[in-house]
Amino acid sequence: MSIHEECGVFGIINKNPFDAAGAAYYGLYALQHRGQESCGIVVNDDGVFSSYKDLGLVSEVFSADTLARLPEGNMAVGHVRYGTTGGNSRNNCQPIEVNHQKGKMALAHNGNISNAARLRNELELAGAIFHTTSDTEIIAYIVTRQRLRAASIEDAVSLAMDYLEGAYSLVLMSAQKLICVRDPHGFRPLCYGKTADGCYAAASESCALKAIGAEFIRDLEPGEILVFDGERVISRKEHCGKKEKKLCIFEYIYFARPDSVIDGTSVHKARLRAGEILAGACPAQADIVVGVPDSGLDAALGFGRASGIPYGIGLIKNRYIGRTFISPGQSARLDQVRIKLSAVEESIRGKRVVLVDDSIVRGTTSGRIVRLLREAGAREIHMRISSPPFLHPCYYGTDIDSPEHLIACSHSVEETAQIIGADSLGYLPVSGLGELIRETEASVSGAGGGKESADRGRGVDGHDCAGYCCACFDGNYPTAVPSDTRKDRFERKLSEKKL
Ligand code: SF4
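Residues numbered from 1 in each chain as written. Predicted model: local features only at pLDDT ≥ 70, side-chain atom pairs only at ≥ 80, totals over all residues. Heavy atoms only, no water.

Caption draft 1: Highlighting the overall build of the protein. When its secondary structure is counted, the protein shows 19 helices and 23 strands. If you take every contact in the protein between residues at least 6 apart in sequence, the share linking residues at least 24 apart comes to 70%. Of the accessible surface of the protein, which amounts to about 20,100 Å², a share of 49% is contributed by carbon and sulfur atoms. (Helix = DSSP H or I, 4+ residues; strand = E, 2+ residues; numbered from the N terminus. Contact = heavy atoms within 4.5 Å. Areas by Shrake-Rupley, 256 points an atom, 1.4 Å probe, with all protein chains shown as cover.)

Caption draft 2: Just the site of the ligand, in detail. With respect to spatial proximity, the complete set of residues near the ligand consists of Arg188, Cys248, Ile249, Phe250, Cys394, Tyr396, Thr398, Ile400, Cys469, Cys470, Ala471 and Cys472. Placement of the ligand is best described as lying within the largest cavity. The residue makeup of the shell around the ligand, split by class, is 10 nonpolar, one polar and one charged. (Near = heavy atom within 4 Å. 1 Å grid on protein atoms, 1.4 Å probe; cavity = no way out; pocket = protein on both sides within 12 Å on 5 of 7 lines; lining within 4 Å. Sits in = over half its atoms within 2 Å of the grid points. Nonpolar A, V, L, I, M, F, W, Y, C, P; charged D, E, K, R; others polar.)

Caption draft 3: Broad picture of helix 13 (residues 364-375). The end-to-end C-alpha separation of helix 13 is 17 Å, in line with the 16 Å expected for 12 residues at 1.5 Å each. Burial in helix 13 covers these residues: Ser366, Gly367, Ile369, Val370, Leu372 and Leu373. Two residues or fewer past helix 13, Gly377 is found with a positive phi of approximately 100 degrees. (Expected span 1.5 Å × (residues − 1). Buried < 20%, exposed > 50% of the residue type's maximum accessible area, 1.4 Å probe, protein only.)

Caption draft 4: Up close: the sheet that holds strand 3 (residues 48-55). Taking strand neighbours across the sheet as the criterion, the seven strands line up as 3-2-4-1-10-9-11 in an open arrangement whose pairing is antiparallel. Each end of this open sheet is capped by a strand with a single partner; those strands are strand 3 and strand 11 (215-219). Strand-to-strand twist of the sheet, defined as the mean angle between neighbouring strand axes without regard to direction, takes the value 15 degrees. Relative to strand 10 (residues 200-203), strand 9 (residues 191-194) is paired through four bridges, and the arrangement is antiparallel. If you follow Lys194 over to strand 10, its bridge partner there is Tyr200. (Pairing = 2+ DSSP bridges. Axes fitted to C-alpha atoms, helices over the stretch in contact; angles between N-to-C directions.)

Caption draft 5: Representation of the packing of helix 5 (residues 136-147) against helix 6 (residues 153-161) in the model. With their axes 8 Å apart at the nearest point, helix 5 and helix 6 run at an angle of 125 degrees to one another. With respect to helix 6, the axis of helix 5 lies oblique. Where helix 5 crosses over helix 6, the two elements pack in a sense that is right-handed. Mapping the contact onto sequence places Ile142, Val143, Gln146 and Arg147 in helix 5 and Ile153, Ala156, Val157, Leu159 and Ala160 in helix 6. (Parallel < 35°, antiparallel > 145°, perpendicular 65-115°, else oblique. Left-handed = near helix turned anticlockwise from the far one by under 90°.)

Caption draft 6: Just a negative patch on the surface, in detail. On the surface, a cluster of negative charge is contributed by Asp19, Asp45, Asp46 and Glu72. As for its placement among the helices and strands, Asp45 is situated in strand 2 (residues 38-45). (Patch = residues over 30% accessible without salt bridge, like charges linked within 9 Å, V, L, I, M, F, W, Y side chains within 5 Å. Salt bridge = Lys/Arg side-chain N within 4 Å of Asp/Glu carboxyl O. Lys, Arg positive; Asp, Glu negative; His and termini not counted. Charge placed at Lys NZ, Arg CZ, Asp CG, Glu CD.)

Caption draft 7: Representation of the sheet that holds strand 7 (residues 169-173). The antiparallel open sheet is built from six strands, whose spatial order is 5-6-7-8-12-13. With one partner strand each, in any of the chains shown, strand 5 (96-100) and strand 13 (233-236) form the two edges of the open sheet. If you compare each strand with its neighbour and ignore which way they point, the axes differ by 20 degrees on average. Sheet analysis places strand 12 (residues 225-228) next to strand 13, joined by four bridges and oriented antiparallel. Paired with Leu226 across the two strands is Ser235, which belongs to strand 13. The strands touched by helix 5 within the sheet are strand 5, strand 6 (103-110) and strand 7, with strand 6 carrying the most contacts at an inclination of about 145 degrees. Running over the sheet, helix 6 touches strand 6, strand 7, strand 8 (178-182), strand 12 and strand 13 and is turned about 20 degrees from strand 8.

Take a look at the structure:
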């Protein structure tokens, strides 16, 4: 699969100065799967902000030297980025830092603002000057504008939320406070915890809390604002329950790390269940079940358990490919899937293989993986996908593309199987999506739920997706669809602009 993840955010605060940059580094390291284009950390040392941001993986950007240059502080915020709005330039690295009339602010954002184009246009007409082409700066601008009339930074954040539509999990730092926000639909995850030495930390996923030795306390509710001042945690819920909860179902299928727990459901268990459902819906006669590393592995295990076909290791992933990997000269023509994945011939040769992956986008990567297994001697390859076919683009912080790039939009299942070279192909039925997260039914009905909510949450084919966004599969968008959805929509050439 070749969908890129979105972004990961991290924040930490304590009463007294400590190695906040070091803690943020470990937190971001655990969130690396959510974004590999760039990363950054901003440390707050008694109101003085120091930062380091650059393009690359956390391990590439932060050396022992760069970390040592960041001072101790009682707060830090960090970000790993895959840009879903705005290009991959240093300018767009986060956290974004702003100096405004009432102080300083650093902001890290996961998600996409679906009304960003309109907001930016209005702000520019009112005299705003933007330094980046990402939608995060729009949020920063609106918060700082609201700060002029608000009594506190958290009041300004709350006022800003009235303007924003779409997906935003935010970690925001002022001179004195750390503020975490989950949008009223709760598209993207955000949770917080506490370490033994009294630090409060917030992160996109619970795996980052584990990485710094923090005990998970809970997920933020959709619409909740949490304010940390180093000693107290204050929860504000004026935006909670205003909109139906719509956590991205694809977090469970692909984006999140399997050892994370989101809104009460283990990602690992959700993937196992996807494999079990798939085995029932699209059975295959085979000798071995193989998962595509990493996000296909858990579903493959579930498929194996439910079908009785032995699970085996058939593909190995090269884990050490960083951003600096290049394909020089002659080797540029080589298939890059071969650099990332290698087939285990001893497991595969002469066997009928069920190959489980999390999704198919254009089909190119799937075709290459099927070819790898054929060359390793697989007799038959039955591809099984632990998500339904992608039929619609995503506007909430991922790069699931326009329909012309989605193979399922223009080809039947049989045609797609033929194109990727598989003997058969089966997808998770859309009706199975609600089953993945059945453990969370209680929390779903608690978030503006009840029968009415469940009826609203029914997808176009009647499947029960109450509480979850499944729009890229069923086209049932929780917000108005933006008119201009290009990743580079704020980076027009002169010839495209009306001057
Ligand atoms: Fe997630 Fe798909 Fe909804 Fe985007 S459209 S938020 S990827 S479920």
